[in-house]
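Working through the structure, step by step
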Amino acid sequence: MKDGTRMNGHDWRDLEHVLGTITALINTGAPAADAEELESADDLRAFVRDRVITEVEEPTTKDLEPVQHVRAQLRAVFVAPDDAARTEIVNRLLASARITPRLSDHDGLGLHLHYFPPFATLEEHLVADCAMALAVMLTSGEGERLRVCRAPDCSRVMVDYSKNRSRTFCDSGRCGNRVNAAAYRERQRVTAAL
């Protein structure tokens, strides 16, 4: 999926970037994060800078609550039981979005679509871009790639980019190793008991 191919006319590089922004945003709050990571305007500005979110008003403290609300709505898509439930949530997001499509070419992402109005609020930007990216995933039959890590003590979300759709652990670098190490120790314990 990450080889520069197109999905329903969308360049995968831009879609991958927006999906990365979605997962990064969701993983800044509970239950994915141990503590709230978006507590101040400085936190929002750092998030905007780190995720290369362009053409938004400078975030202020008044943006915290709306962004956290968007984050909760996006998380609901990942924890939804099936594509029908995901579709209902994404449709609500799309209905609330101010969508103004236009072409843009910046930051090495190549020519791609922006769905938000120029210099929108961070909330408007996130709702429009993220809802459209999720809609592309669903219309492409890729909704099942939107997952929650299956490690017992992790609630981070992820997009499974594997060819066979078999990825089960987030990219934190801890979960897969920890679960595999625990399984190994259990096998050793059972073998020793025999």
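Below is a short write-up of the structure. Quick caveat, the model's predicted, so the values are computed rather than measured.

**Remarks on unusual backbone geometry**
With an omega of 0°, the peptide bond running from Ala-30 to Pro-31 counts as cis. With a phi close to 50°, Val-52 is a non-glycine residue in the positive phi region. With respect to the secondary-structure elements, Val-52 resides in the loop between α2 (41-50) and α3 (64-79). Under the relative-accessibility criterion, Val-52 is labelled partly exposed at 31%.

**A closer look at the pairing of strand β4 (residues 111-114)**
Pairing of strand β3 (residues 102-105) with β4, which is carried by 4 bridges, proceeds in the antiparallel orientation. Across the sheet, residue Arg-102 finds its bridge partner in β4, namely His-114. Once β3 ends, the chain turns through 5 residues before running back antiparallel as β4, passing Asp-107 with a positive phi of about 50°.

**Some thoughts on the packing of aromatic side chains**
Scanning the model with the defined rule gives 0 aromatic pairs in all. Seen from the ring of Phe-116, Arg-102 lies directly overhead, with NZ or CZ sitting 5.2 Å from the centre.

**What about the state of the cysteines?**
Taken as a whole and judged by the stated rule, the model has 0 disulfides. No disulfide involves Cys-149; its sulfur sits 3.7 Å from that of Cys-175, the nearest cysteine. By relative accessible area, which is 5% here, Cys-149 ends up buried. No disulfide involves Cys-170; its sulfur sits 3.7 Å from that of Cys-175, the nearest cysteine.

**What to know about a nonpolar patch on the surface**
Residues Leu-103, Leu-111 and Leu-113 make up a contiguous nonpolar surface patch of about 290 Å² in total accessible area. Note that Leu-103 resides in strand β3. The exposure class assigned to Leu-103 is exposed, which follows from its relative accessible area of 59%.

**Digging into the packing of α3 against helix α4 (residues 83-96)**
Interhelical geometry of α3 versus α4 gives an angle of 160° and a closest axis separation of 8 Å. Classified by the angle between their axes, α3 and α4 sit roughly antiparallel to one another. Of the two elements, α3 crosses α4, and the hand of that crossing is left-handed. Touching Gln-73, Leu-74, Ala-76 and Val-77 of α3 are Arg-86, Ile-89, Val-90 and Leu-93, all from α4. Of the residues belonging to the contact of α3 with α4, the class tally is 6 nonpolar, 1 polar and 1 charged.

**Some details on the packing of α3 against helix α5 (residues 122-139)**
α5 packs onto α3 with a crossing angle of 10° between their chain directions and a minimal axis gap of 9 Å. In terms of their interaxial angle, α3 and α5 are classed as roughly parallel. Judged by residue contacts, Pro-66, Val-67, Val-70, Leu-74, Val-77 and Phe-78 of α3 engage Leu-122, Glu-123, Leu-126, Val-127, Cys-130 and Leu-134 from α5. A class-by-class count of the residues in the contact of α3 with α5 yields 11 nonpolar, no polar and 1 charged.

**Focus on α5**
Given a rise of 1.5 Å per residue, 18 residues ought to cover 26 Å, and the 25 Å separating the end C-alpha atoms of α5 matches this to within 8%. Along α5, 15 of the 18 residues are buried, which leaves the element largely enclosed by surrounding structure.

**With respect to the environment of Val-67**
For Val-67, the position within the fold is in helix α3. For Val-67, the contacting residues outside a window of four places in its chain are Leu-25, Leu-38, Leu-44, Leu-122, Glu-123 and Leu-126.

**Looking at the nonpolar core**
Among the nonpolar cores identified, the biggest contains 42 residues, and Leu-19, Ile-22, Leu-74, Phe-78 and Leu-134 are the most heavily contacted of them. Elements with a minimum of two residues in this core: α1 (12-26), α2, α3, α4, α5 and β6 (157-159). Looking at this core element by element, the count peaks at 13 residues for α5. The next biggest cluster of nonpolar side chains, apart from the first, holds 6 residues, and it includes Ala-151, Cys-154, Cys-170 and Cys-175.

Thresholds, definitions, all that
- Numbers given to residues run from 1 along each chain, matching the order in which its sequence is written.
- Reporting in this predicted model follows two pLDDT cut-offs: at least 70 for local features of residues, and 80 or more for side-chain atom pairs to be given and counted; totals over whole chains, interfaces and linings ignore these cut-offs and use all residues.
- Computation of side-chain values covers all heavy atoms of the structure but excludes hydrogens and water.
- Each helix corresponds to a stretch of at least 4 residues labelled H or I by DSSP, and each strand to a stretch of at least 2 residues labelled E; elements are numbered beginning at the N terminus.
- With a 1.4 Å probe rolled over the protein chains alone, any residue whose accessible area is under 20% of its type maximum counts as buried; one over 50% counts as exposed, and the rest are partly exposed.
- Pairing between strands is defined by DSSP: at least two bridges between the two strands are required.
- Ring pairs are drawn from Phe, Tyr and Trp, using the six-membered ring of Trp, whenever the two centres fall within 6.5 Å, and their geometry is named by plane angle: stacked under 30 degrees, edge-to-face over 60, tilted for the rest.
- By definition, being over a ring means that NZ of Lys or CZ of Arg is both within 6 Å of the ring centre and within 35 degrees of the ring normal.
- By convention in this document, the label disulfide applies to cysteine sulfur atom pairs within 2.5 Å.
- Residues enter a patch when their relative accessible area is above 30% and they make no salt bridge; the linking distance is 9 Å between like charges and 5 Å between nonpolar side chains (Val, Leu, Ile, Met, Phe, Trp, Tyr).
- Areas reported as accessible are Shrake-Rupley estimates using a 1.4 Å probe. Residue values count occlusion only from the protein chains shown.
- For this document, the term salt bridge refers to a Lys or Arg side-chain nitrogen within 4 Å of an Asp or Glu carboxyl oxygen.
- What counts as an axis is a line fitted to C-alpha atoms, over the stretch in contact for a helix, and the angles between N-to-C directions run from 0 to 180 degrees.
- Here is the rule for angles: anything less than 35 degrees is roughly parallel, anything more than 145 is roughly antiparallel, 65 through 115 is roughly perpendicular, and the remaining ranges are oblique.
- By definition, turning the near helix anticlockwise from the far helix through less than a right angle yields a left-handed crossing, and turning it clockwise yields a right-handed one.
- Here a residue-residue contact requires only that any non-hydrogen atoms of the pair lie within 4.5 Å.
- Residues are grouped as follows: nonpolar covers Ala, Val, Leu, Ile, Met, Phe, Trp, Tyr, Cys and Pro; charged covers Asp, Glu, Lys and Arg; every other residue, Gly included, is treated as polar.
- By definition here, a helix of n residues has an expected span of 1.5 Å times n minus one.
- As used here, the term nonpolar core means buried Ala, Val, Leu, Ile, Met, Phe, Trp, Tyr and Cys residues forming a set that is joined through side-chain atoms within 4.5 Å.

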